[in-house]
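Understanding the architecture of this molecule
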Amino acid sequence: MTRQPALKRHIDTMPPRDAAFFRQQFSRRDALRAGSAVGAGFAAAGVFGALAPTAVVGRSSLQDGGLPEDAAPPENQVLRVASDPTIARVLDFYEQVYERPGLADIFSMPLVRLTKNFEIVPGAASEWSGNDDGTVWTFTLKQGLMWSDGNEVTANDYVRTFQYAADPEHAWDFAWFWSGNILNFTEAFAGDVPVEEIGVRMGANDYEVVFETVAPAPYLPAKLLYSQPLSAAALDEYGPLYNTNPDTHVSSGPFKLEEWVRDQQIVYTRNEAYTGDMDVALQRIIVKMASPATLFTLYEADQIDYMEGPAPAELQIMEADPDLAAQLYQGVGDFACLYFFFDVTTAPFDDILVRQAFSHVIDRDAMQQQIWGRQAVAAPSFLAPGFPASDTEGLGDVQAFDPELGRELLAEAGYPDGEGFPDLTLTFRGGGTPLEEATVQAYVAMLNEHLSINADIQTMDRQSFYDDMSSILFGWVSYGMDFFDPSNMLGVWQSGGRHPWSNEEFDALVEEGSTSLAEADERIAIFQNAERILVEDVPAVWAYFVTPIQFVKPYLIGPALEPDNNDIAAVHWPGFATTGHALEELYVSADAPTGRE
Amino acid sequence: MAITTTSSLPNAEARLGVQEPRSAMHYALRRFRRQRLAMVGLVIVTFLLILGFGAPLLAPTDYREASLMDANRFPGGEFPLGTDTIGHDFLTRVMFGIRTSLMVGFAAVAVACLVGIPLGMAAGLRGGWTDFAVMRIIEIMTAFPGLLFAIFLVTVIGSGIGNIIFVIGVTSWLTLARLMRAQLLTLREQDYVSAARSMGATDLNIAVRHLLPNAVAPVIVAITLAIPTAIFAEAGLSYLGIGINEPTPSLGKMVSDSAPYIRIYWHLGLFPTLAIALIMLGFSFVGDGLRDALDPRQN
């Protein structure tokens, strides 16, 4: 198979999505008909449920029933990646989200999956449909999906998994994701109602699972990308951590756990009992535990086949060598936006003039040139280019670099030349990338240069940071999508969300956009109006959108690395998991070194 | 016949090689000066003190000043030590980093002295339950790895230069306390102490007037050697990202920050590492020299 050029098009040159795309992505009326639209031979696509038929993305160029002609033999179909050992504690999304290694979630199938063009296609569900007002969604499971312990995958596995997620004793770290969305989830997590009363229940038979939502949720099928179930039987027999031990491990996904040596490596091998439709060439996956700082060394030493997030100097080394440059890919990741945020309820940031002043002294062009390079693009607003309802051009002037205006605004706020302005502490979450550190340091220098404001940077461990985020006066954080819909990204800014900023008009618009029956263009306009309020009220100074760099060994090939509809070639989010496509669209070529372990 | 007068006596003493009595300090200084490494260390420390504490006057720019468009310059010309990833003049950053290290080193050891010396004195002088209690505290604290305990404290009280000084100070007083206790246990049995006690001197009076002056030499040595240890602890904490807060320069943080860039921008790691090494060497040489000079019995 011919290798594709590493980078087809940079995200900042990505054209606006055309109207047809958005109609496909946004039409809620179609979404409610999704189930009936799904037919044999088609994979339904679309963020708001299943829409126009879309070809299943797979190894279409491969030989039927076997490995491709240019593939290495099965014993060399090994993928080696690395992961931070300080994070890895569990392997399941519904156990703990922020304690999983870099490659997890391959032991069961979510109801829906995501293609590299961010289209929703069936996963464990063959079809789904919503009621007229979009508050009740019924998913029909494919029959014959089996757990490795011989039990069949049924709706009960999904129901039990969601009940476990809502269990306050479990203290799931991602509970906010379903709070206020699935009926009674918030109440159950607070211990006010039994978990059996949440809006996830068995349907008419063992293959139907029904979701009830608090409000119309046309985006629910997209959001159910995160629906990889735990085994109800294993939960009962071994408890929730059954997947951390090969002896108690149970899988209905394409891989099973062979070995987990703490702080050394996790080994996944093919699950012979897998009966799903993922056509995977890889036979073995080795996740080596290694500090992020050592990834490039491992990559150079051919100890791993794939890595993300190189340090700036490492990227320069790769770019300088034509052979290495061919191993370089750049994607859009999860459309994450990184930004400086304020506690707008506390002085001095309760004054919008101060916040506006801060927003006009960030020189994104200089940062782009000197810090970010290809690893990020400037973010004049919150929604990244390519993400639905993004309006970076229309909002580009709101927080434009204009230090003179910044000084005027600060003077108007009562701090001419920064006089009388309190010294600040900018709270930085631990574990930030070099790009983040340099960006934050540069912005602090710009505050001093342009506004004569002194700020020092205090690093806080990640857990404390997220626990205390709503009370941090001035901080730095990121947010990337959990599902491909503006209601997800903008929803974090709604009142009661992750920041204390509150705006009734914004709340109403996001709510309207999330539940609206309007046509696609109108819905986009609603979300764009909401984002304009957000950007103009400056609860945050937007810095950059991540465009993650990946290094992929030349012998790792397959459709996953071919350009997507926007001509971007990379392993797209969510990467190597059953939620995404990469596992079945990559294989090891015949010219790979043998004996890779 | 001339009578020999007393005025001729000094000449006679001189002829006989008899000299004015010299102080212990004089002999200590003489011993110190004879040690080449100690003198090299003194020169290094003096140089670093001038460079660090003179940074506000001597450095080319303010340490907060950065020109992003000049980022990642290699050493030479306008920037003798180059610039860092956001355009700070690196010579300025290294000078202020030395200043930070020295401030932390001196202040943290001062905190350690304030805690360790009184506790050691109390244990050594009073004995009994006081000694028992102090020694148990020391043993308990010794059981905690110093750096891990410091990390724990920083996590609880937060980073920043004041907190770092406090944390390093309260985790490094053990040696001083033990040393002071051991000195007093020896000295308190001396005849002159018994004499003072028989004349009605109080414990405090005996401690301050008789014991402390005699115990001070090894303590000075310990203090001198504690300074580079404290500086290294600060560099370690800052390297881990929980030490001095940016934009205040810290050599340890500079080394840490250089890691992702060092394969191309070598100067970002080299100069702060050299500075740390010089500080460690300088103070260690001086400390060793002082030990040999003040307490020759250990030689």
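Let me sum up the structure you'll find in this document. (Residues numbered from 1 in each chain as written. Chains lettered and ligands numbered in written order. Predicted model: local features only at pLDDT ≥ 70, side-chain atom pairs only at ≥ 80, totals over all residues. Heavy atoms only, no water.)

1. Looking at the overall build of chain B
Note the cut-off: Every helix listed is a DSSP run of H or I at least four residues long, and every strand listed is a run of E at least two residues long, numbered separately from the N terminus. For this measure, only C-alpha atoms enter the radius of gyration; the expected value for a globule follows 2.2 Å times N^0.38, where N is the number of residues. Each residue's exposure class comes from its accessible area (1.4 Å probe, protein chains only) as a fraction of the maximum for that residue type: buried when under 20%, exposed when over 50%, partly exposed otherwise. We call two residues in contact when some of their heavy atoms are within 4.5 Å. The accessible surface values rely on the Shrake-Rupley method and a 1.4 Å probe; as for residues, cover is taken only from the protein chains in view.
Regarding its fold elements, chain B presents 13 helices and zero strands. The C-alpha atoms of chain B give a radius of gyration of 25 Å, which is well past the 19 Å a tight globule of 299 residues would have. On the principal axes, the C-alpha backbone points of chain B span a range of 90 × 65 × 30 Å. In chain B, which comprises 299 residues, the proportion classed as buried is 46%. Of the contacts formed within chain B by residues at least 6 apart in sequence, a portion of 72% connects residues at least 24 apart. Split by element, the accessible area of chain B, about 15300 Å² in all, is 66% carbon and sulfur.

2. A short note on the environment of K288 of chain A
All names here are of chain A. As a reminder of what qualifies: Polar contact is the term for a pair of N or O atoms within 3.5 Å; when the atoms are in protein, one must be able to donate a hydrogen and the other to accept it, and sequence-neighboring residues count only if both atoms are side-chain atoms.
With respect to the element layout, K288 can be found in strand β12 (residues 284-289). Judged by relative accessible area, which is 12%, K288 ranks as buried. Taking the C-alpha atoms as reference, K288 lies 42 Å from V538; in sequence the two are 250 residues apart. Those residues in contact with K288 that sit more than four places away from it in its chain are R80, V81, A82, S83, Q264, Q265, Q303, I304 and E597. A polar contact of 2.9 Å, which involves the side chain of K288, links it to the backbone oxygen of Q303.

3. Focus on the pairing of strand β18 (residues 455-460) of chain A
All names here are of chain A. Selection criterion: Strands were regarded as paired on the criterion that DSSP finds at least two bridges between them. With the strands aimed away from the viewer, a crossover counts as right-handed if its path from the first strand over the helix to the second runs clockwise.
As judged from the six bridges shared by strand β17 (residues 424-429) and β18, these two strands associate in the parallel manner. The residue of β18 that forms the bridge with L426 is I457. One crossover worth recording links β17 to the parallel β18 by way of helix α14 (residues 434-451), and it is right-handed.

4. Comments concerning the interface of chain B and chain A
Just so we agree on the cut-off: Buried area is calculated as the accessible area (1.4 Å probe) missing from two parts once they are joined, with the contributions of both summed. The working definition used for a salt bridge is a side-chain nitrogen of Lys or Arg within 4 Å of a carboxyl oxygen of Asp or Glu.
Taken together, the contact between chain B and chain A spans 23 residues of the former and 30 residues of the latter. Both sides of the chain B and chain A interface together cover about 2100 Å² of buried area, and 54% of this is carbon and sulfur. Interface area lost by chain B to chain A is led by R64, L68 and R263 of chain B, which between them contribute 27%. Linking chain B to chain A there are two salt bridges. Salt-bridge contacts for R263 of chain B lead to E300 of chain A; the nearest nitrogen and oxygen are separated by 2.6 Å.

5. Observations regarding the nonpolar core
Condition: What makes a nonpolar core is a set of buried Ala, Val, Leu, Ile, Met, Phe, Trp, Tyr and Cys residues whose side-chain atoms join them at distances within 4.5 Å. Each domain's limits were defined by an automated method or a database of domain assignments.
F211, Y268, F358 and F382 of chain A are the most contacted members of the largest nonpolar core, which totals 242 residues. Top contributing element to this core by residue count: helix α5 (residues 90-126) of chain B, with 13 residues. Structurally, this core is a two-domain feature, drawing no fewer than three residues from each of domain 1 (112-238) and domain 2 (337-546) of chain A. Non-local contacts of F358 of chain A, meaning those with residues more than four positions away in its chain, are made with F342, F349, F421, L424, Y443, L447, L451, I453, F474 and V541 of chain A. Grouped together as the second largest cluster of nonpolar side chains are 14 residues, A82, L298, Y299 and L315 of chain A included.

6. Regarding the pattern of salt bridges
Scanning the model with the defined rule gives 27 salt bridges over all chains in all. R80 of chain A is paired through a salt bridge with D305 of chain A; the nearest N and O atoms lie 2.7 Å apart. One end of the pair, R80 of chain A, is in strand β3 (residues 78-83); the other, D305 of chain A, is in the loop between α8 (295-300) and β13 (306-308), and 225 residues separate them in sequence. Across this residue pair, the class does not change: R80 of chain A and D305 of chain A are buried. Among the ionic pairs, R291 of chain B bridges to D288 of chain B, the shortest N-O distance being 3.6 Å. Highlighted residues: R291 of chain B and D288 of chain B, both in helix α13 (residues 267-294), separated by three residues, approximately one helical turn.

7. Remarks on the environment of G160 of chain B
Residue and element names in this part refer to chain B. With respect to the element layout, G160 can be found in the loop between α7 (146-157) and α8 (161-170). A residue is classified by how much of its surface remains accessible, and G160, at 10% relative accessible area, is buried. Counting along the chain gives 83 residues from G160 to G243, while the straight-line C-alpha distance between them is 6.2 Å. In contact with G160, other than residues within four places in its own chain, are G243 and N245.

8. Some details on the pairing of strand β9 (residues 208-212) of chain A
Residues and elements named next belong to chain A. Judged from the five bridges that link them, strand β7 (residues 136-141) and β9 form a sheet pairing that is antiparallel. Within β9, the residue paired with T138 across the bridge is V210. Taken together, the three bridges between strand β8 (residues 200-202) and β9 define a ladder with antiparallel strand orientation. When the sheet's bridge partners are listed, V200 is paired in β9 with F211. Hairpin connection, β8 to β9: the antiparallel pair is bridged by five residues.

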